[in-house]
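Descriptive structure summary
Chain residues, written in single-letter form:
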Amino acid sequence: MEHPVARVLPLLSPAHLDRDFDYLVPPELDEIAQPGVRVRVRFAGRLVDGYLLARLAHSDHSGKLVELERVVSGERVLTPEVLTLATAVAARYAGTRADVLRLAIPPRHARTESGGAKTPPDSAAKRDVSSASFVGSTEPNETDGESSIEAEGASAVKFGEVTEPPGDRPAGVNDAGVPQTVGTATDEPSHPLAADGIDASEAAASTMECVAPRDSARTQAFSGIDLAPWKRYVHGAAFLAALGQGRGARAAWQALPGEDWPRRLAELAAVVAGQGRSAILMVPDQRDLDRVLAECVRLVGGSAVGLAAGLGPAARYRRWLAVLRGSARVVVGTRSTVFVPAANLGLIALWDDGDDTYAEPRAPYPHAREVAMLRAHESGAAFVAAGFARTAEIQAVVDSGWAHDLIADRAVVREASPRISAPGDSDIALERDPVARAVRIPGVAFAAARSALKEGAAVLVQVPRRGYVPALACAKCRTPARCRHCNGPLALPEARGQRGSSAESSATAQSPSCRWCGITEAAFRCTTCGSRALRAVVIGASRTAEELGRAFPGVPIRGSGGGAMLDTVEPGPQVVVATVGAEPVVPGGYGVALLLDGWALLSRADLRAAEDALRRWMSAATLVRAQGQVIVMAEPSIPTVQALVRWDPVGHARAEVGARAEVGFPPAVRMAAIDGASDAIAELLSTATLPEGVDMLGPVPLPVTARKPFAGDSLAEVERILLRVHRGSGAALARALTAARAVRSTHRSDAPLRVQIDPVDIG
């Protein structure tokens, strides 16, 4: 046997066991035991799962080697690119490769694997990698993991400078209506890691000289793509041309109001797929996935697949195998899609990266946006962060020059945007309605809604909270109402008996109940002042729909939110009351949108409260037709409200980056959150060799919105400590925490502890 030694990565949870181990390959497994397959090995007397990384002629271990127990399957599910990415993600987030691979590779479904489509010959040839490709950079500490995205402007690929197409490139398109070949990858982007140390001013100065496609052959090659919508954006057509040449262009795309963004993303994927390369499109939820996948199928046919957890193990694994075997070129999915083993990756795009569903709740808690940028670095693929709003993280990489703006001219934005206003935004408006800022729905909002309904248009009402009255307080002293049994918040549920005639049912429904234990509190008394009167702190979607039904008699009132979410509604005069993120689409657009209770979104004790409020407002405003009207019920002088009125997400994101830099919060710094019992945190920090200049904040109680780290039935009180360093020391901080976790795991401590790098929920 030429290579009798198998290097294996066992999937073990302890951090100190995140390393490779050598095993002997039995003669009967010599043919099937290839790099990338799943194996079962004996470790410390028990059988564990693992992945075979390489076949070697000799082992560095001087002792006796144990044989492989068995090869689970001959399918080479771990590709070299995914292994490299998993190593980088583990280093970036102070985790282990085993944890990352659990997120990246779905569990095996034997019947699906044996009955799936076989790999095409050309794809098999591409994936016939040597064992050496699995050996390099497999240890976590061999990869920096920081990648210094924000300091790489000099290596950014320019959108323009379109060259003449190769002479042997056919000008036709395939049966799916997309180009068969759209240029070749003659210009590979520089690896971003090579740009460390570049002066920030030089990086930002590396602007693009973008030109549109100039020759008839190029225009014919894009005959399957409608270029007119992209020409509304500065450098939009040139960006498609760069993709058609196989170049790793990177852009932050701000979609215009009313843009058919699923179609635009599908067009980007079609251009890349036309070259025989793969594209990954990520969306926040199943509703967006269905819309984008439908557009991709229209353009590229059966080579587009959708991946989501709701598919079930068999269907999801079948589609994942289609990507692995090369029969699927366009992959649309949620956060875990960033790890799919797409061959010859040409594009990674994600829509609405500010959505919290992109944050992985399982260790090592990576964010899909950061993983996507890491993968674009390693593979040289194009990268697109798209959305109506913009996060501070994306603005930071744009400011650095690593990515570039793909936005429309202000005149085009004004033409596409509805008219947006806030009640009482001028002295004249206050003279007309002095209480416009004090009431929940002012007169101008009712007038706009009546006008739209009279014209036969639908009216959208966005409400931050679902339910009837989700929060109550004492009417006298304003103390939040709490349950006497569990100290949970009291709420007024929807009157389930209001349609019937039973007095008892109606009385029960009107009594407040606890949102935690469900016990009805029929005889409330304030613990502070003794008052029995209650007042509503927040009005929910159900109560709002009830009030609007009285205000607009005879008009259909529809609700969307929670378990009753509507994807689309038919056009016509109606009022749609939806919670944030559950707004249905109306063909032709809404006539008016009322964004209620803006203070509830803006006053959240969260670092990203303003950013998230603007993102949710813009998502609702884009559903309104260009001639429509949007009224946001919030203080007009707040910068976030002004950004919405002006439709300026870029300016708001730039201001957010500057404000966070002043106070030392991400993305200006790298931050680690350590959650756990006080003894566990002290043990970890005592063994950690932290980099110089680290700031320690805390300990403080764990934020109420954060999940507690799991530790069995432990009743220890959980607290949080924040470690803050300059971005240049982020890799050193991650390495120090990784080493400290490895030391702590050798002590077999069972106290709850969790380490998160740049968590979404800082507190």
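Looking now at the overall build of the protein. The number of helices and strands found in the protein is 24 helices and 26 strands. Taken across its 763 residues, the protein has 54% of its residues classed as buried. Taking all contacts inside the protein whose residues are at least 6 apart in sequence as the whole, residues at least 24 apart take part in 77%. In the form shown here, the protein has an accessible surface area of approximately 32100 Å², with 51% of it arising from carbon and sulfur atoms.

Here the focus is the packing of helix H8 (residues 236-244) against helix H9 (residues 261-273). Close contact between H8 and H9 brings their axes to 8 Å; oriented N to C, the two are set at 30°. Two secondary-structure elements touch here, H8 through Phe239, Leu240, Leu243 and Gly244 and H9 through Leu268, Val271 and Val272. Here the contact of H8 with H9 is composed, by residue class, of 6 nonpolar, 1 polar and no charged.

So, about the sheet that holds strand S25 (residues 719-726). Spatial strand order, S24-S25-S23-S26: 4 strands in an open sheet with antiparallel pairing. The open sheet has two edge strands, strand S24 (695-701) and strand S26 (753-757), and neither has a second partner. Across the sheet, the mean angle separating the axes of adjacent strands is 15° when strand polarity is ignored. Where S24 lies against S25, 5 bridges are found, and the strand directions are antiparallel. When the bridges of S25 are listed, Pro701 appears paired with Glu719. Along the sheet face, helix H23 (residues 678-687) touches strand S23 (669-676), S24, S25 and S26 and points at about 135° away from the line of S23.

Note: α-helices contain 3.6 residues per turn, so residues at a spacing of three or four share the same orientation. An ideal rise of 1.5 Å per residue puts 21 Å on 15 residues; helix H10 (residues 286-300) measures up with 20 Å between its terminal C-alpha atoms. Where H10 is concerned, the buried positions are Arg287, Asp288, Leu289, Val292, Leu293, Glu295, Cys296, Leu299 and Val300. The secondary structure elements touched by the buried residues of H10 are H9, strand S7 (278-282), strand S8 (304-307) and strand S9 (330-333). With a side-chain oxygen positioned 3.4 Å from the backbone nitrogen of Arg287, the residue opening H10 is Asp285. Immediately beyond the C-terminal end of H10, within one or two residues, lies Gly301, with a positive phi of roughly 70°.

Within the structure shown, the criterion is met by 10 aromatic pairs. Arranged with centres 5.9 Å apart and planes meeting at 10°, the rings of Tyr317 and Trp320 form a pair that is stacked. Remark: Trp320 and Tyr317 occur in helix H11 (residues 313-324); sequence separation between them is 3 residues, near one turn of the helix. Looking at Tyr317, the relative accessible area reads 0%, which means it is buried. The exposure class assigned to Trp320 is buried, which follows from its relative accessible area of 3%. Ring centres 6.0 Å apart and planes at 45° place the aromatic pair Phe446 and Phe552 in the tilted group. Placement of the pair is Phe446 in helix H16 (residues 443-454) and Phe552 in the loop between helix H18 (541-551) and strand S19 (557-560), with a sequence separation of 106 residues. Of the aromatic side chains, those joined through ring pairs into one cluster are Trp230, Tyr233, Trp253, Trp261, Trp351 and Phe388. Sitting above the plane of the Phe21 ring, Arg19 keeps its charged end 4.6 Å from the centroid. Between the NZ or CZ atom of Arg92 and the centre of the ring of Tyr93, over which it lies, the distance is 4.6 Å.

At their nearest, the axes of H23 and helix H24 (residues 730-746) sit 8 Å apart, and the two run at 115° to each other. You can see that H23 and H24 cross each other, and the crossing is right-handed. Residue-level contacts link Ala680, Glu683, Leu684 and Thr687 of H23 to Leu737, Ala740, Arg741, Val743 and Arg744 of H24. Its residues placed into classes, the contact of H23 with H24 shows 5 nonpolar, 1 polar and 3 charged.

Bringing the sheet that holds strand S5 (residues 70-71) into the picture now. In spatial order, the strands read S2-S1-S4-S3-S5; together these 5 strands make up an open sheet with antiparallel pairing. Each edge of the sheet is formed by a strand with only one pairing partner; in this case those strands are strand S2 (21-24) and S5. Bridge count between strand S1 (residues 5-10) and S2: 4 bridges; the pairing is antiparallel. Paired with Val8 across the strands is Phe21, a residue of S2.

What follows is about the layout of surface pockets. When its volume is computed, the second largest pocket comes out at roughly 780 Å³. When residues of the lining of the second largest pocket are traced back to their parent elements, those giving at least two are H24 and S26. Class assignment for the residues of the lining of the second largest pocket results in 15 nonpolar, 6 polar and 7 charged.

Criteria and thresholds
- Residues numbered from 1 in each chain as written.
- Predicted model: local features only at pLDDT ≥ 70, side-chain atom pairs only at ≥ 80, totals over all residues.
- Heavy atoms only, no water.
- Helix = DSSP H or I, 4+ residues; strand = E, 2+ residues; numbered from the N terminus.
- Buried < 20%, exposed > 50% of the residue type's maximum accessible area, 1.4 Å probe, protein only.
- Contact = heavy atoms within 4.5 Å.
- Areas by Shrake-Rupley, 256 points an atom, 1.4 Å probe, with all protein chains shown as cover.
- Axes fitted to C-alpha atoms, helices over the stretch in contact; angles between N-to-C directions.
- Nonpolar A, V, L, I, M, F, W, Y, C, P; charged D, E, K, R; others polar.
- Pairing = 2+ DSSP bridges.
- Expected span 1.5 Å × (residues − 1).
- Polar contact = N/O pair within 3.5 Å; in protein donor to acceptor, adjacent residues only side chain to side chain.
- Phe/Tyr/Trp six-rings, centres within 6.5 Å; stacked < 30°, edge-to-face > 60°.
- Lys NZ or Arg CZ within 6 Å of the ring centre and 35° of its normal.
- Left-handed = near helix turned anticlockwise from the far one by under 90°.
- 1 Å grid on protein atoms, 1.4 Å probe; cavity = no way out; pocket = protein on both sides within 12 Å on 5 of 7 lines; lining within 4 Å.
- Points joined across faces, edges and corners; volume = space filled by probe spheres on them.

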